[in-house]
Amino acid sequence: MSLSRCILGLACLWHGVIASPLGAVPSNIPIATDLQTAETVAQPIANSARKLHGKFLHITDLHPDQFYKPHSSTDEADACHRGKGPAGVYGAEVSDCDSPFALINATFDWIAANVKDDIDFVIWTGDTARHDSDEGVPRNADQVLGTNRWIADKMAELFSDSTGRHLEIPIVPTLGNNDILPHNILLPGPNSWLQHYTHIWRRFVPEAQRHSFQFGGWFYVEVIPNRLAIFSLNTLYFFDRNAGTDGCASPSEPGYKQMEWLRIQLQIMRQRGMKAILMGHVPPARTDSKKLWDENCWQKYSLWLRQYRDVVVSGVFGHMNIDHFFIHDERDINVGQLAGLPGDSIDIREAMDDELSVTGAADYLQELRQNWAKLQPPPTDSKNSGQMKKGKKGRKGKKKKPDVWGERYSLSLVSPSIVPNYYPALRIVEYNISGLEDTPVWRDAAKDAMSIELEQNDRQKHLDLKRQHSSRMEDDDEIDAQKKKGKKNKGGDSKPKKPDFLIPHPPAKSSPPGPAYSPQPLTLTGYTQYFANLTHINNITTEASSALLDHDEEEETWVDWLLRWRKGRHGNRKPIHPKPDPREFQFEVEYSTFDDKLYKLSDLTVKNYVELAYRISKQPKKGKAKSLDVSYESAAEEEEEEEDLFEEVEETDEEEEQEDDDLSDGEEVDDDSDEDELETETFKKHDRKKNKKKKGKKRQNKVWMHFLTHAFVSTVEKEDLKKFT
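A brief structural summary. (Residues numbered from 1 in each chain as written. Predicted model: local features only at pLDDT ≥ 70, side-chain atom pairs only at ≥ 80, totals over all residues. Heavy atoms only, no water.)

## So, the overall build of the protein
Inference 1: In terms of regular secondary structure, the protein is built from 18 helices and 16 strands.
Inference 2: Put simply, the protein has 725 residues, and 55% of those count as buried.
Inference 3: Residue pairs at least 24 apart in sequence account for 82% of intrachain contacts in the protein once pairs closer than 6 positions are excluded.
Inference 4: When the accessible surface of the protein is split by element, carbon and sulfur atoms take 48% of a total near 32,500 Å². (Helix = DSSP H or I, 4+ residues; strand = E, 2+ residues; numbered from the N terminus. Buried < 20%, exposed > 50% of the residue type's maximum accessible area, 1.4 Å probe, protein only. Contact = heavy atoms within 4.5 Å. Areas by Shrake-Rupley, 256 points an atom, 1.4 Å probe, with all protein chains shown as cover.)

## Considerations on the state of the cysteines
Inference 1: Taken as a whole, this structure holds two disulfides when the rule is applied.
Inference 2: Put simply, Cys80 and Cys97 are joined by a disulfide, and their sulfur atoms are 2.1 Å apart. On the S-S bond that ties Cys80 to Cys97, the torsion sits near 85°, and the link is right-handed. Here the residue Cys80 occupies a position in the loop between β1 (55-59) and α2 (101-114), and Cys97 occupies one in the loop between β1 and α2, the gap between them amounting to 17 residues.
Inference 3: Residue Cys80 is classed as buried on the basis of its relative accessible area, which comes to 0%.
Inference 4: The disulfide partner of Cys248 is Cys297, and the S-S distance across this bridge is 2.0 Å. Here the S-S torsion is close to 100°, and the disulfide linking Cys248 with Cys297 is therefore right-handed. Here Cys248 is found in the loop between β5 (228-232) and α6 (254-272), whereas its partner Cys297 is found in helix α7 (residues 295-307), with 49 residues between them in sequence. Taken as a pair, Cys248 and Cys297 share a single burial class, namely buried.
Inference 5: Disulfides within the protein link the bonded cysteines, taken in sequence order, as 1-2, 3-4. (Disulfide = S-S within 2.5 Å.)

## Describing the sheet that holds strand β13 (residues 524-531)
Inference 1: With mixed pairing, six strands are arranged side by side in an open sheet as β3-β2-β1-β12-β13-β14. Each of the sheet's edge strands pairs with one partner strand only, and the pair in question is β3 (171-173) and β14 (588-592). The average undirected angle you get between the axes of adjacent strands in this sheet is 25°. (Pairing = 2+ DSSP bridges. Axes fitted to C-alpha atoms, helices over the stretch in contact; angles between N-to-C directions.)

## Quick notes on the pattern of salt bridges
Pairs can form between side chains of opposite charge whenever their charged atoms are close.
Inference 1: On inspection of all chains with the given rule, the structure shows 16 salt bridges.
Inference 2: We note a salt bridge from Asp329 to Arg408, for which the minimum N-O separation is 2.7 Å. On the criterion of sequence distance, the pair formed by Asp329 in strand β9 (residues 324-329) and Arg408 in the loop between α9 (358-372) and β11 (409-414) is long-range, its members being 79 residues apart. Assigned by exposure class, Asp329 and Arg408 land together as buried.
Inference 3: Across the pair Lys600 and Asp644 runs a salt bridge whose closest N-O atoms are separated by 2.7 Å. Separated by 44 residues along the polypeptide, Lys600 in the loop between β14 and α15 (606-617) and Asp644 in helix α16 (residues 635-645) bring together distant segments of the chain.
Inference 4: Residue class for Asp644 comes out partly exposed when judged on its relative accessible area of 23%.
Inference 5: A cluster of three or more residues bridged by salt bridges with shared partners is formed by Lys600, Arg615 and Asp644. (Salt bridge = Lys/Arg side-chain N within 4 Å of Asp/Glu carboxyl O.)

## A few points about the pairing of β1
Two faces, one strand: in a regular strand the side chains alternate between the faces of the sheet.
Inference 1: Most of β1 sits inside the fold, with four of its five residues counted as buried.
Inference 2: Here β1 pairs with strand β12 (residues 425-431) via four bridges, running antiparallel. Paired with Phe56 across the two strands is Val429, which belongs to β12.
Inference 3: Relative to strand β2 (residues 121-124), β1 is paired through four bridges, and the arrangement is parallel. Residue pairing in the sheet places Phe56 in a bridge with Phe121 of β2.

## A few points about the nonpolar core
In a soluble, globular protein the nonpolar side chains are often hidden away together inside.
Inference 1: Counting residues in each nonpolar core, the largest one holds 157 residues, and the members touching the most others are Trp124, Phe231 and Phe325.
Inference 2: Sequence-distant contacts of Phe231, defined by excluding residues within four places in its chain, comprise Phe219, Tyr220, Trp261, Leu262, Gln265, Leu266, Met269, Ala276, Ile277, Leu278 and Met279.
Inference 3: Counting residues in hydrophobic clusters, the runner-up holds five residues, among them Tyr68, Cys80, Ala92 and Cys97. (Core = buried A, V, L, I, M, F, W, Y, C linked by side-chain atoms within 4.5 Å.)

## Quick look at unusual backbone geometry
Inference 1: In this chain, Leu181 is followed by Pro182 through a cis amide linkage whose omega measures -10°.
Inference 2: Note that Pro182 resides in the loop between β3 and α4 (192-200).
Inference 3: In this chain, Gly189 is followed by Pro190 through a cis amide linkage whose omega measures -5°.
Inference 4: Of note in the backbone geometry, Val713 takes a positive phi value of approximately 50° without being a glycine.
Inference 5: On the secondary structure map, Val713 appears in the loop between α17 (702-711) and α18 (718-721).

## Concerning α17
Inference 1: Most of α17 sits inside the fold, with eight of its ten residues counted as buried.
Inference 2: Its side-chain oxygen at 2.9 Å from the backbone nitrogen of Val703, Asn701 defines the N-terminal cap of α17.
Inference 3: At the C-terminal side of α17, Val713 shows a positive phi close to 50°. (Polar contact = N/O pair within 3.5 Å; in protein donor to acceptor, adjacent residues only side chain to side chain.)

Put into structure tokens, the structure is as follows:
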């Protein structure tokens, strides 16, 4: 081997991944095999000069692809790796191709210029390797770990101090289902994957938490010491598509152990007066027919959210690429199933598709909407905040206390992704720091004697996971109810066997609502959603589609087009100009909850989201309306809300399709055109315009349409969104 090749190999071994020039395709990305490298590890330190800003960055699903080539084909067989086509410099928007390195570098440059100095921590929810979508270039471990190492190094470099040796703010990563090989399948730890990530994330996982991470890939970081912790959950052990494990029911399963660890840690947080944000890659998405998590894992997680509602601020997730949220209802929690009682473990939900198509995502959102119609918004008078309805009678004739804060529910937020399946997106979330302005900022938990002691105590609990304090079960009403059912057994025993399941104590009755429910320090106050309009930025003009259509594509239906591999905005058309000529890259505001007039979120408390979900679910009245749980002071008030929710639109019949030469992408783009105008992907089949005949008017829920627009990051036009409804 020549000396030059040896030097090159050592350089790659040191850095993991080297960003190649546009168009260059590295043949291999080696990884470091020595986990005890002599490299100086950047250690987080306390920085007395830095103050809290009340903001954090959520970034997810980067999917960097070192084989991406600009102006390559977006066909499924090519996957933006070869051939000639409309793949842009910064990605092929609304396609199934992954992210070019140019997009990743531009994103980090934008964060450095616009975000870096204004945030307190980073939540990074995984999937930092490309999909295994190209049979010609199958993934290997070197590539998966290599891109993860590259992004970890970029994160550390971006958020380090001037010396480059110390992180200024904490970065909290988590494993995605594509960060392992084969994707989705992670065996119980300790294993080689967790060992590799222990090294890759050595600057992010506190030393006192490394045992937990090596054991199962879960850990937490006190991002505001003694105030707020971020819990990085290894959701791959909850993921229903992980064939290497079996949910959370058996004590031998890593999912079970992780749930026990989480329960213990949330109890410690409560005892210390701290709050927690729970984060992970795969969200606990669940409808009446589909699910992403194993049902037992979902049940435990929802129960933990319910019982520790005074501690948990919110859940934050990625994976699904669509911008949305979902509500956990305590009435969906089946304690009998968790306790292992017979007849309570039937679950007919199917595993959700690993990668949702547009129609799959639309169907999922429709199911969520149907579920939201069953919600009961907190019973407050809309004009006299705090004035409650009279409580209903419960057991033994006692009146139930009205749930004025919506504590029956819990919230999970899902952010859209960097990978341009729609438009690249990231989110800046703001939270209340009233009274915390002078609080000491983050420091390495390993230097905190209390954290070390807690970890040592937790380690023993973590290893044996014995059932301690089982007496807590005795006063739990739900277990009592299950016992009464159990008395009807055939054996004639006077008392059924007590279920071997521990339900945590809820908050004390005297405790005020937590920050997830009532505005207070650490309550999430809102977020600003940013996106990069790649249609505008890539600046690609293509040949007219008419010359490239074949007979098969003429015959396929609109649904067929959506279900197959998505080729992006420009389909299979070739660019006119031989060399890429992109505009300046930038993220811009798509929307902000602080001034969104349709969402009307004064903050991100559960109550406001339940009200929003209920408004999204409402349908125009047909005939005599059914009585609702939400009352109005007068018919005028009800009419006012109807006007606020619904708009009249023209109903149309699609007659025939004809080509619209005036809208051909073959026309030259004027660089001096209005660059601020939102250029959206229209999803019009092969750029053809439809003749429409007026059929009258109908009413539609404009909040629902607004929600769908943001779900797909403003890539789908309103006319096409109507097809989903």
